[in-house]
Amino acid sequence: MAHVWAHSQISSLLFFSFRPQRLCSFLSRVSVFETRLKMPRSLEPLDIGIQIPYHFRCPISLELMRDPVTVFTGQTYDRTSIESWVVSTANNNNNTTTCPVTRAPLSDFTLIPNHTLRRLIQEWCVANRSNGVERIPTPKQPADPTSVRALLSQASATSGAHVSVRSRAAALRRLRGFARDSEKNRVLIAAHNVKKILIKILFSDEEAPELVSESLALLVMFPMKEPDQCVSIISDPNRVEVLTRLLFDSSIETRVNAAALLEMVLTGSKETVTDSECILEGVINLLRNPVTSHTRRALKIGTKALFALCLSKNTRHVAVSSGAPEILINRLASEDIDRCDAERALATVELLCRTPEGCAAFGEHALTVPLLVKTILRVSDRATEYAAGALLAICTAEERWREEAVAAGVVVRLLMMVQSECTERGKRKGQKLLKLLMRDSWPDCSFASSDAFGCSEVVVPF
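So, here's what we can say about the structure. (Residues numbered from 1 in each chain as written. Predicted model: local features only at pLDDT ≥ 70, side-chain atom pairs only at ≥ 80, totals over all residues. Heavy atoms only, no water.)

**Some words on the overall build of the protein chain**
Rules: Each helix corresponds to a stretch of at least 4 residues labelled H or I by DSSP, and each strand to a stretch of at least 2 residues labelled E; elements are numbered beginning at the N terminus. Each residue is assigned to one of three classes by its accessible area relative to the maximum for its type, calculated with a 1.4 Å probe on protein chains only: buried under 20%, partly exposed between the two thresholds, exposed over 50%. The criterion used for residue contact is that any of the two residues' heavy atoms lie within 4.5 Å. Under the convention used here, a 1.4 Å probe and the Shrake-Rupley method define accessible areas, while residue burial counts only the protein chains that appear.
Across its full length, the protein chain carries 24 helices and 3 strands. Buried residues in the protein chain amount to 47% of all 462 residues. The long-range share in the protein chain, meaning contacts at least 24 apart out of those at least 6 apart in sequence, stands at 64%. Carbon together with sulfur atoms contributes 52% to the accessible area of the protein chain, which is approximately 23200 Å² in total.

Pasting the structure below:
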């Protein structure tokens, strides 16, 4: 049958994966391992009734190999399994690791892709497609230190016989491809001081626009955790001017990446940005007019950047005058917003409601009060807290908005909220709002006039 592979067939086909002098050693080790574990060459059947040939299973995980690689001892394993094995055994045995099958020390950790075995596995998958077996994809090869160093050198070179904008941009795109493939690649690239190199290219006055866009696209793939690095960007007026200009670039991808970098450096530095009016205009335009092909990312990044900007008291009135309240309410009213975006948008609403003009702008929007009431106890504990905080500010401002909240059913939701497992900050905000509304409805009620519903000031945990 198509799914049954004889030991002799596997042995002859695997010949092309190893040097001839190692083939006999490999087959004998396999036989010893089979005898030691007393395992048949075709293991237990899957739920679909198909037996996976033993040689297609990783000796560590016993699962079908998706990216078979050969180690120094000649044994083949699935890449993820042997990488995890090396890390765990090195940590437990004082940086000494052994081959799982032969128990021989692994002095060389080079993993050589076993293309022949991988093609055999793919052919087997195709042959059993009618039985529900899916073909494993051809894995992308991970980055190696030598390639990363060469690409970074090429990207940062400014002179030389073969140096050009095209070659440097190609090197940056290749690095971005590696970074996109896996977290392991990103860790490897970051270890080669990539952020310092990219920042130098990004903010250089002499670099071509193509290099600036490519360096920005790669830079935002790495977290900016170093406060000094963040401060060096956000406190430099020239660098802020470059970011502002990129927020209005003709490319939507560049605009989104500029907003992403802005959010990272603001969060990492805790500094206030200069020229906030132009920057806020760029970020709000990103939220107002996202391009279809980048809509989800543009909205997510734009929401995060707007929140980071509004953490500064000096920028909140600018955000309100730039139209942030309408943008945020419309975003919250959309059906495709996820929990994290909703929480951050609501936190921004609460921040802007700390200004009189913010309260007025949100209160005048027809959807604000019903939407905030509806959010309580519906999205998450954090969302409930932020919605209650924003409602508290709006209802404190004018009586007509208190009446609108009561008509929307806020009292029942608040009573449920203070008895729920919501955050303590959220409960305090809910208690204070409930006390305010009860005093309006029942001014002679001693319960409403008591201090039982007292709470601390509105607090945003971010």
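**Concerning the sheet that holds strand 1 (residues 68-70)**
Spelled out, the test is: Strands were regarded as paired on the criterion that DSSP finds at least two bridges between them.
Strand order in the open sheet formed by 3 strands is 2-1-3, and the pairing between neighbours is antiparallel. Sheet topology places strand 2 (76-78) and strand 3 (112-113) at the edges, where each strand pairs with a single neighbour. Two elements, strand 1 and strand 2, share 3 bridges in a ladder whose sense is antiparallel. Looking at the pairing, Val69 lines up with Tyr77 of strand 2.

**Quick notes on the packing of aromatic side chains**
Ring pairs (aromatic) are described by centroid distance and by the angle formed between their planes. For the record, the criterion: Between 30 and 60 degrees the pair is tilted, below 30 it is stacked and above 60 it is edge-to-face, where a pair is any two Phe, Tyr or Trp rings, Trp via its six-membered ring, whose centres lie within 6.5 Å.
This structure, assessed with the given rule, holds 1 aromatic pair. Each ring, one from Phe56 and one from Trp124, has its centre 6.2 Å from the other, and the planes form 70 degrees; the classification is edge-to-face. Within this pair, whereas Phe56 is found in the loop between helix 2 (20-37) and strand 1, its partner Trp124 is found in helix 4 (residues 115-127), the two being separated by 68 residues in sequence. For the pair Phe56 and Trp124, a shared accessibility class is recorded, and that class is buried.

**Observations concerning the environment of Ser312**
Along the polypeptide, Ser312 turns up in the loop between helix 14 (295-310) and helix 15 (313-321). On the accessibility criterion, Ser312 (14% relative accessible area) is buried. For the pair Ser312 and Lys270, spaced 42 residues apart in sequence, the C-alpha separation works out to 8.8 Å.

**Some words on the packing of helix 19 (residues 368-375) against helix 20 (residues 381-397)**
As a reminder, the rule being used: Axis lines are fitted through C-alpha atoms, for helices just across the contact stretch, and the angle between N-to-C directions can take any value from 0 to 180 degrees. What makes a crossing left-handed is the near helix being turned counterclockwise from the far one by less than a right angle; a clockwise turn instead makes it right-handed. All amino acids are sorted into three groups, where Ala, Val, Leu, Ile, Met, Phe, Trp, Tyr, Cys and Pro are nonpolar, Asp, Glu, Lys and Arg are charged, and the leftover types, Gly among them, are polar.
In the contact formed by helix 19 and helix 20, the axes pass within 8 Å of each other and the chain directions differ by 145 degrees. Regarding helix 19 and helix 20, the two cross each other, and that crossing is left-handed. Residues Thr368, Val369, Leu372, Val373 and Thr375 of helix 19 form the contact with helix 20, whose participating residues are Ala383, Thr384, Ala387, Ala390, Leu391 and Ile394. A breakdown of the residues in the contact of helix 19 with helix 20 according to their chemical character gives 8 nonpolar, 3 polar and no charged.

**Points about the nonpolar core**
The following threshold applies: We define the nonpolar core as a collection of buried residues of types Ala, Val, Leu, Ile, Met, Phe, Trp, Tyr and Cys that are connected through side-chain atoms lying within 4.5 Å of one another.
Ranked by size, the top nonpolar core spans 104 residues in total, and within it Met224, Leu261, Leu262 and Val410 carry the most contacts. Per-element accounting of this core gives the leading share, 10 residues, to helix 12 (residues 252-269). If near-sequence neighbours (up to four positions away) are discounted, Leu262 is found in contact with Ile234, Leu243, Leu247, Ile279, Val283 and Leu309. Among the nonpolar cores identified, the runner-up in size contains 22 residues, and Phe56, Val69, Val71 and Leu120 belong to it.

**Focus: a nonpolar patch on the surface**
Under the convention used in this document: Without a salt bridge and with relative accessible area above 30%, a residue can belong to a patch; like charges are then joined within 9 Å and nonpolar side chains (Val, Leu, Ile, Met, Phe, Trp, Tyr) within 5 Å. Basic side-chain nitrogens of Lys or Arg form a salt bridge, by our definition, when they fall within 4 Å of a carboxyl oxygen of Asp or Glu.
Side chains of Leu377, Val412 and Met416 sit close together on the surface and give an oily, nonpolar patch of about 270 Å² of accessible area. Positionally, Val412 belongs in helix 22 (residues 410-418). Residue classification places Val412 among the exposed positions, given a relative accessible area of 53%.

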